[in-house]
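Summary of the model geometry
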Amino acid sequence: MATQIANNAQKLAPAIKTFCDFPPAVADALELEALTTTYPTGAVLFAEGQAPRGVFIVRRGRVKLSISGSDGRTLILRIVHAGSPMGIAAVVSGRAYEATAETQEPCEISFLRQSDLLRLMRLHGELALWVTQHISQDYACTCREIRDLILSDSASEKLARLMVGWLDQNAAATNPTQMKLALTHEEIGQMIGTSRETVSRLFAGFKKQRLIQQNGCTLVIPNRVALESLITA
């Protein structure tokens, strides 16, 4: 595995132990072909509309996937965590990247060229299945995001949906109601299609209603049922 260091001034999150938990033969083949690079916060891995060069796999850290409108507004599609690929549908289809990928913190990213991925998919059924599963997951996630944006009647309902989703993602944690809030109010607004000011106002209202508690970057959601009561669709 080739490794480049772009910037390591900030502390990195723990790396995943294996290459996407593949069988040894597949993992070794990927490690041999992949170029792994350490990126600083705010690095753009690929941009919306660019021709696909290859697949990016997060080894550690978090990456923001977003799209931009003609009016300059940005919508964050999701935050990608360690073990997940980005740009995989574009590489398989040969179409342009549909989103921009930007690191949210110091990250270690493995890059696999388009030609190498397609060749390895032909050789290893496990890899082909993994690619298919992630394309399916991305499709399901996109459908859910569209539903949440369109069917929600208000910004408060959109924020409640987002927070319930965070609870689902945090279900395996020791304290699933408590989580680190690594997003700014502006970024949360970009996830639910509203302004930073609206998000700040909603957070204040949720705190007043005791739907959430916040201590610095630690967010506590003590009553899931009360939060879900804001979701009507």
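Residues numbered from 1 in each chain as written. Predicted model: local features only at pLDDT ≥ 70, side-chain atom pairs only at ≥ 80, totals over all residues. Heavy atoms only, no water.

1. As for the sheet that holds strand β5 (residues 63-68)
Taken together, the 4 strands give an open sheet; going across it, the order is β3-β8-β5-β6, and neighbouring strands pair in antiparallel fashion. Each edge of the open sheet carries a strand with a single partner, namely β3 (44-46) and β6 (74-80). Each neighbouring strand pair of the sheet contributes to a mean axis angle of 30°, computed without reference to strand direction. Note: β3 against strand β8 (residues 100-103), 2 bridges, orientation antiparallel. When the bridges of β8 are listed, Phe-46 appears paired with Ala-101. On the sheet, helix α6 (residues 185-192) packs against β5 and β6 and is oriented at approximately 100° with respect to β6. (Pairing = 2+ DSSP bridges. Helix = DSSP H or I, 4+ residues; strand = E, 2+ residues; numbered from the N terminus. Axes fitted to C-alpha atoms, helices over the stretch in contact; angles between N-to-C directions. Contact = heavy atoms within 4.5 Å.)

2. Re the confidence of the model for the protein
Close inspection of predicted coordinates is inappropriate in any region flagged by low pLDDT. Looking at the protein as a whole, its pLDDT mean stands at 87, while 91% of the residues score no less than 70. For the protein, the element scoring lowest by mean pLDDT is strand β1 (residues 2-5), at 40; β3 scores highest, at 97. When the criterion is pLDDT under 50, residues 1-17 qualifies, and its contacts beyond four places in sequence or with other chains add up to 40 contacts. (pLDDT = per-residue confidence, 0-100.)

3. What to know about the pattern of salt bridges
Summed over all chains, the structure comprises 12 salt bridges. With a shortest N-O distance of 3.0 Å, Arg-119 and Glu-33 are connected by a salt bridge. Placement of Arg-119 in helix α3 (residues 114-123) and of Glu-33 in helix α1 (residues 24-33) is noted, with a sequence separation of 86 residues between them. Judged by its relative accessible area of 32%, Arg-119 falls in the partly exposed class. Of the residues examined, Glu-33 reaches a relative accessible area of 29% and is grouped as partly exposed. (Salt bridge = Lys/Arg side-chain N within 4 Å of Asp/Glu carboxyl O. Buried < 20%, exposed > 50% of the residue type's maximum accessible area, 1.4 Å probe, protein only.)

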